Amino acid sequence: MSTARLTINLDALVTNWRNLNTKTNCETAAVVKANGYGLDSGRVATALAKAGARNFFVAIAEEGVALRRALGPGPGISVFSGHMEGDAKLLRDFQLTPMLNSLDQMLRHFEALPGHPFGVQLDSGMNRLGMEPGEWAAVRDIALGQNPVLLMSHLACADEPDHPMNPQQLKAFQEMTDGIEVPRSLSATGGMLLGRDYHFDLCRPGIGLYGGRPFGDALPVVQLDLPVIQIRDLMPGETVGYGNTWTAPRQCRIATVAAGYADGLLRRMTDGDIKAYAGATPCPVVGRISMDLITIDVTDLSEDPAVLTLLNEQQTVDALADAAGTIGYEILTSLGARYARTYQG
């Protein structure tokens, strides 16, 4: 079988949620947007719901529809993008809660779905989504008269604990919401790790559930095993792959495995120092990553491998991200559709 295999450990994901939950005195929800960070939002959310998660966040209403079909009635599903034109039927029929981001969205929601649950997203300084302080001050009494279920904002620099933006946004959020008897939420994974001043009534971890930074104690959730298609011998001075970017310094054995940038293994990862693993033994990735193939130096192995592992406990999504000059989020959400997927737990 020439298909690479992606193994998703739902037990590890649930453990990560539980460990983050112990850091708070508030409710711990879960962010499952982008199809559960690429790992299947239905399976991810079902496992977390069984573990005790009661509320989930998605990016757009269509993601919420897919999640509701997987979860059934009961758990809360909130939509970060709010109430967009044409969303009313989806929000109503699938019991989705929009986080309203503007006066236009607020008017649309109140007119189309009077009495339907909603939250309000406030801009505490990130300048991305949400009502700015002046806009919120103008419509606050109207909004509160319609009984919102949540007031939320989002931290821009929570993965840098000492960044001055964190206390600045905390202060801004407090100024907009103190004294209001509505549940509040400011923190995703990074904010949870800043301390309980940032927790309020609900935290909504995302990347920490899936094994990524800044949650340093996270268990790895994914393993990626790549089948070896062919192994060849190279003499010193011979080159490998497009552009002749790697030259054999000695007599080598090179394994070619079935995966590439079409599977989300970013071409620029070879700018860093990444390995593939034969059991516990690391083997250097050499040459350029191409669309469907990666080449690996297996010279020092005692026998030829049938499979080499690119993601495991030794080399996590963050290690691949560092090599590619990106973040673990991009690695996870890029993992391709060609993989044969296995779920554990």
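In what follows, the structure referred to is the one given above.
Since the structure is predicted, the reported quantities are computational estimates derived from the model, not experimental observations.

A. Region of interest: the side chain of H199. Its place among the elements puts H199 in the loop between α9 (189-194) and β10 (202-203). Residue contacts for H199: discarding those within four places in its chain leaves K23, T24, C26, R184, G191 and M192.

B. Broad picture of the side chain of R68. Inspection of the secondary structure assignment puts R68 in helix α4 (residues 61-71). Although R68 is buried, it makes no salt bridge; D93 carries the closest opposite charge, 11 Å away. Side-chain polar atoms of R68 contact the backbone oxygen of P75, separated by 2.8 Å. Discounting chain neighbours no more than four positions away, the residues touching R68 are P73, G74, P75, I77, F94 and Q95.

C. Quick peek at the packing of aromatic side chains. For the structure on display, the rule yields 5 aromatic pairs. When the ring of Y37 is compared with that of Y210, the centres are 4.4 Å apart and the planes differ by 15°; the resulting orientation is stacked. With Y37 in helix α2 (residues 33-37) and Y210 in the loop between β10 and β11 (222-234), this pair connects stretches of sequence that are 173 residues apart. Note on Y37: relative accessible area 5%, which makes it buried. On the accessibility criterion, Y210 (1% relative accessible area) is buried. Ring centres 6.1 Å apart and planes at 35° place the aromatic pair Y37 and Y329 in the tilted group. On the criterion of sequence distance, the pair formed by Y37 in helix α2 and Y329 in helix α11 (residues 328-334) is long-range, its members being 292 residues apart. The structure contains a cluster of three or more aromatic residues connected by ring pairs, namely Y37, Y210 and Y329. Its guanidinium or amino end placed over the ring of Y343, R43 lies 4.2 Å from that ring's centre, counting from NZ or CZ.

D. Just the environment of E160, in detail. Its location among the elements puts E160 in the loop between β8 (150-152) and α8 (165-177). A relative accessible area of 43% means that E160 is categorised as partly exposed. Residues E160 and K50, spaced 110 residues apart in sequence, show a C-alpha to C-alpha distance of 32 Å.

E. Inspection of the packing of helix α1 (residues 10-21) against helix α3 (residues 41-51) at higher detail. Direction vectors running N to C along α1 and α3 enclose 50°, while the axes themselves pass 10 Å from each other. By the angle class used here, α1 and α3 are oblique. Where α1 crosses over α3, the handedness of that crossing is right-handed. Residues L10, L13, V14, W17 and R18 of α1 lie in contact with α3, whose contacting residues are R43, V44, A47, L48 and A51. Grouping the amino acids of the contact of α1 with α3 by side-chain chemistry returns 8 nonpolar, no polar and 2 charged.

F. How the structure looks around the pairing of strand β17 (residues 293-297). Across the 5 residues of β17, 4 count as buried, placing the element largely inside the fold. Inspection of the sheet shows strand β14 (residues 252-258) paired to β17 by 5 bridges, in the antiparallel sense. Directly across from T256, in β17, lies its bridge partner T295. For strand β16 (residues 281-286) and β17, the ladder comprises 2 bridges, and the chain directions are antiparallel. Bridging across to β17, V286 finds its partner in T295.

G. Geometry of the sheet that holds strand β4 (residues 55-58). Across the sheet, which stays open at both edges, the 7 strands sit in the order β3-β4-β5-β6-β7-β8-β9 with parallel pairing between neighbours. One side of each edge strand has no neighbouring strand; the edge strands of this open sheet are β3 (30-31) and β9 (184-185). Of the strand pairs in this sheet, strand β7 (residues 119-121) and β8 are connected by 3 bridges, and their pairing is parallel. Note on β8: the bridge partner recorded for V120 is L151.

H. Summary view of the environment of A188. If you trace the backbone, A188 turns up in the loop between β9 and α9. By relative accessible area, which is 21% here, A188 ends up partly exposed. Considered as a pair, A188 and V31 are 157 residues apart in the sequence and their alpha carbons are 8.4 Å apart. Setting aside residues up to four positions removed in sequence, A188 forms contacts with H154, R204 and P205.

I. Spotlight on helix α7 (residues 133-145). Look at α7: 18 Å from first C-alpha to last across 13 residues, which is about the 18 Å you get at 1.5 Å a residue. Taking the largest bend as the criterion, α7 deviates by roughly 55°, centred on V139. Inspection of α7 places W136, V139 and A143 among the buried residues, and these make up the whole buried set. Looking at the buried positions of α7, the neighbouring elements they touch are α6 (103-112), β7, β8 and α8. Of the residues one or two after α7, N147 is the one with positive phi, at around 65°.

J. The nonpolar core, seen in detail. In terms of nonpolar packing, the biggest core is built from 82 residues, with L48 and M269 touching the most fellow members. Looking at which element gives the most residues to this core, the answer is α1, with 6 residues. In this structure, L48 is in contact with L13, V14, W17, A30, A53, F56 and L209, ignoring residues within four places of it in sequence. L122, V139, I180 and V182 belong to the second largest nonpolar core, which has 21 residues in total.

Quick notes on the rules
- For every chain, the first residue of the written sequence is number 1, and numbering continues from 1 along that sequence.
- Owing to the predicted nature of the model, reporting of local features is limited to residues with pLDDT of at least 70; listing and counting of side-chain atom pairs is limited to 80 or more, with chain, interface and lining totals taken over all residues.
- To obtain the side-chain values, all non-hydrogen atoms of the structure were used and water was disregarded.
- The numbering of helices and of strands both runs from the N terminus, where a helix is a DSSP run of H or I of at least 4 residues and a strand a run of E of at least 2.
- Working rule for contacts: check all heavy atoms of both residues, and any pair within 4.5 Å makes them a contact.
- Only protein chains enter the accessibility calculation, which uses a 1.4 Å probe; a residue is then buried when its area is under 20% of its type maximum, exposed when over 50%, and partly exposed in between.
- In this charge count, Lys and Arg are treated as positive and Asp and Glu as negative; neither His nor the chain ends contribute.
- Here, a salt bridge means any side-chain nitrogen of Lys or Arg that lies within 4 Å of a carboxyl oxygen of Asp or Glu.
- Polar contacts, as used here, are pairs of N or O atoms within 3.5 Å; protein pairs need one atom able to donate a hydrogen and one able to accept it. Residues neighboring in sequence count only if both atoms are side-chain atoms.
- Here a Phe, Tyr or Trp ring, Trp counted by its six-membered ring, pairs with any other such ring whose centre lies within 6.5 Å, and the pair is stacked when the planes are under 30 degrees apart, edge-to-face when over 60, and tilted otherwise.
- Counting as a charge over the ring demands two things of the Lys NZ or Arg CZ atom: a distance within 6 Å of the ring centre and an angle within 35 degrees of the ring normal.
- Lines fitted to C-alpha atoms define the axes, with helix axes restricted to the stretch in contact, and inter-axis angles between N-to-C directions lie between 0 and 180 degrees.
- Any angle between 65 and 115 degrees counts as roughly perpendicular, while under 35 counts as roughly parallel, over 145 as roughly antiparallel, and the rest as oblique.
- Take the far helix as your reference; a near helix turned counterclockwise from it by less than a right angle gives a left-handed crossing, and one turned clockwise gives a right-handed crossing.
- In this count, Pro and Cys sit with the nonpolar residues alongside Ala, Val, Leu, Ile, Met, Phe, Trp and Tyr, while Asp, Glu, Lys and Arg are called charged and the others, Gly among them, polar.
- We treat two strands as partners when DSSP finds at least two bridges between them.
- Here a helix's expected span is defined as the number of its residues, less one, multiplied by 1.5 Å.
- What we call the bend at a residue is the angle made by axes fitted to the seven residues finishing there and the seven residues starting there.
- For our purposes a nonpolar core is just a set of buried Ala, Val, Leu, Ile, Met, Phe, Trp, Tyr and Cys residues, chained together by side-chain atoms within 4.5 Å.

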